[in-house]
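Architecture and fold: a report
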Amino acid sequence: MAVPAATRSGGIHAPPWLGIYLNDHLVAATAAVGLARRMNRRHRRSAYGGELARLTAELVQDRRSLLWCMASLDVPVRRGKLRASRAAERTARLTPGSRPRRRTGVNTLVGLEALRMGVEGKALLWRSLLAVAVHDTRLQTGRLAELLDRAGQQLTTLDSLHSRTASALIAAEGPV
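Predicted model only: the values in this text are computed from it and were never measured.

The subject of this paragraph is the overall build of the protein. Counting its regular elements, the protein contains 6 helices and 0 strands. Residue burial in the protein is summarised as follows: out of 176 residues, 37% are buried. When contacts within the protein are restricted to residue pairs at least 6 apart in sequence, those whose partners lie at least 24 apart make up 79%. Accessible area for the protein stands at about 10300 Å²; split by element, carbon and sulfur atoms hold 59% of it.

Here it is, written out as structure tokens:
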């Protein structure tokens, strides 16, 4: 998304806390996109495939929307923070023997829970930016409201996927 020329030329500077806040959300959005892409690849041919593909595409779009908001507010992306978070996430996926963790249904359940927490945080981000937009016309309240609505729809999708995954795990285990 291109940033409007009037926005790029200067204007009001965002307070320091806003830059920190937005960059923290960018780190979380980047991690969520990576997780969604991995889950999408893993479940491409499963009953979850279509929903995960749509969710992944929306998360990518939402991350771009966040970048657009940051550019509109003249908030620079802290690339070092992004690189550090990617390295930490890759390290966390390894076991002590440096082998990737085995994929199980539990991993899918936990992955869906992580995505849900990320979407909940993103919904709070859009709410916060709507509050900022009251004082800063560089943000588009209509677009932020759409993003907030979409986050609600994503939560519904994730809840459905989570319930189905949990039910499938319980059914696979049988009575305890």
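Their axes nearest at 9 Å, the elements helix 2 (residues 16-42) and helix 3 (residues 49-72) cross at an angle of 160 degrees. As far as their axial angle goes, helix 3 and helix 2 are roughly antiparallel. The two elements helix 2 and helix 3 meet at a crossing, and its hand is left-handed. Along the contact surface, helix 2 presents L22, N23, H25, L26, A29, T30, A32, V33, A36, R37, M39 and N40, while helix 3 presents G49, L52, A53, T56, L59, V60, R63, L66, L67 and M70.

Applying the stated criterion across every chain yields a total of 9 salt bridges. With a shortest N-O distance of 2.9 Å, E51 and R164 are connected by a salt bridge. Of this pair, E51 sits in helix 3 while R164 sits in helix 6 (residues 141-173), and the two are 113 residues apart along the sequence. Accessibility expressed as a relative area gives 31% for R164, which makes it partly exposed. Here D62 ties to R150 by a salt bridge, and the two come within 2.3 Å at their closest N and O atoms. Here D62, found in helix 3, pairs with R150, found in helix 6; they are 88 residues apart in sequence, far enough to count as distant. Overlapping salt bridges, with partners in common, bring together D62, K122 and R150 in one network.

A separate point is a positive patch on the surface. Taken together, the side chains of R37, R41, R42, R44, R45 and R64 make up a positively charged region of the molecular surface. The leading source of residues in the positive patch is helix 2, at 3 residues. Mapped onto the secondary structure, R44 falls in the loop between helix 2 and helix 3.

Closest axis-to-axis distance for the helix 3/helix 5 (residues 105-133) pair is 12 Å, and the angle between their directions is 35 degrees. Every pair of crossing elements has a handedness; the one defined by helix 3 and helix 5 is left-handed. Between helix 3 and helix 5, the contacting residues are L52, L55, L59, D62, S65, L66 and C69 on the first element and L112, L115, V119, K122, L125, W126 and L129 on the second. Partitioning the contact of helix 3 with helix 5 into residue classes produces 11 nonpolar, 1 polar and 2 charged.

What follows concerns the nonpolar core. L22, L66, L115, W126, L129, L139 and L144 are the most contacted members of the largest nonpolar core, which totals 38 residues. Elements that contribute at least two residues to this core include exactly helix 2, helix 3, helix 5 and helix 6. Here this core takes 10 residues from helix 2, the largest share from any one element. Ignoring sequence-local partners within four residues, the contact set of L115 consists of A32, L35, A36, M39, L55, L59 and L158.

Conventions and cut-offs
- Residues numbered from 1 in each chain as written.
- Predicted model: local features only at pLDDT ≥ 70, side-chain atom pairs only at ≥ 80, totals over all residues.
- Heavy atoms only, no water.
- Helix = DSSP H or I, 4+ residues; strand = E, 2+ residues; numbered from the N terminus.
- Buried < 20%, exposed > 50% of the residue type's maximum accessible area, 1.4 Å probe, protein only.
- Contact = heavy atoms within 4.5 Å.
- Areas by Shrake-Rupley, 256 points an atom, 1.4 Å probe, with all protein chains shown as cover.
- Axes fitted to C-alpha atoms, helices over the stretch in contact; angles between N-to-C directions.
- Parallel < 35°, antiparallel > 145°, perpendicular 65-115°, else oblique.
- Left-handed = near helix turned anticlockwise from the far one by under 90°.
- Salt bridge = Lys/Arg side-chain N within 4 Å of Asp/Glu carboxyl O.
- Patch = residues over 30% accessible without salt bridge, like charges linked within 9 Å, V, L, I, M, F, W, Y side chains within 5 Å.
- Lys, Arg positive; Asp, Glu negative; His and termini not counted.
- Charge placed at Lys NZ, Arg CZ, Asp CG, Glu CD.
- Nonpolar A, V, L, I, M, F, W, Y, C, P; charged D, E, K, R; others polar.
- Core = buried A, V, L, I, M, F, W, Y, C linked by side-chain atoms within 4.5 Å.

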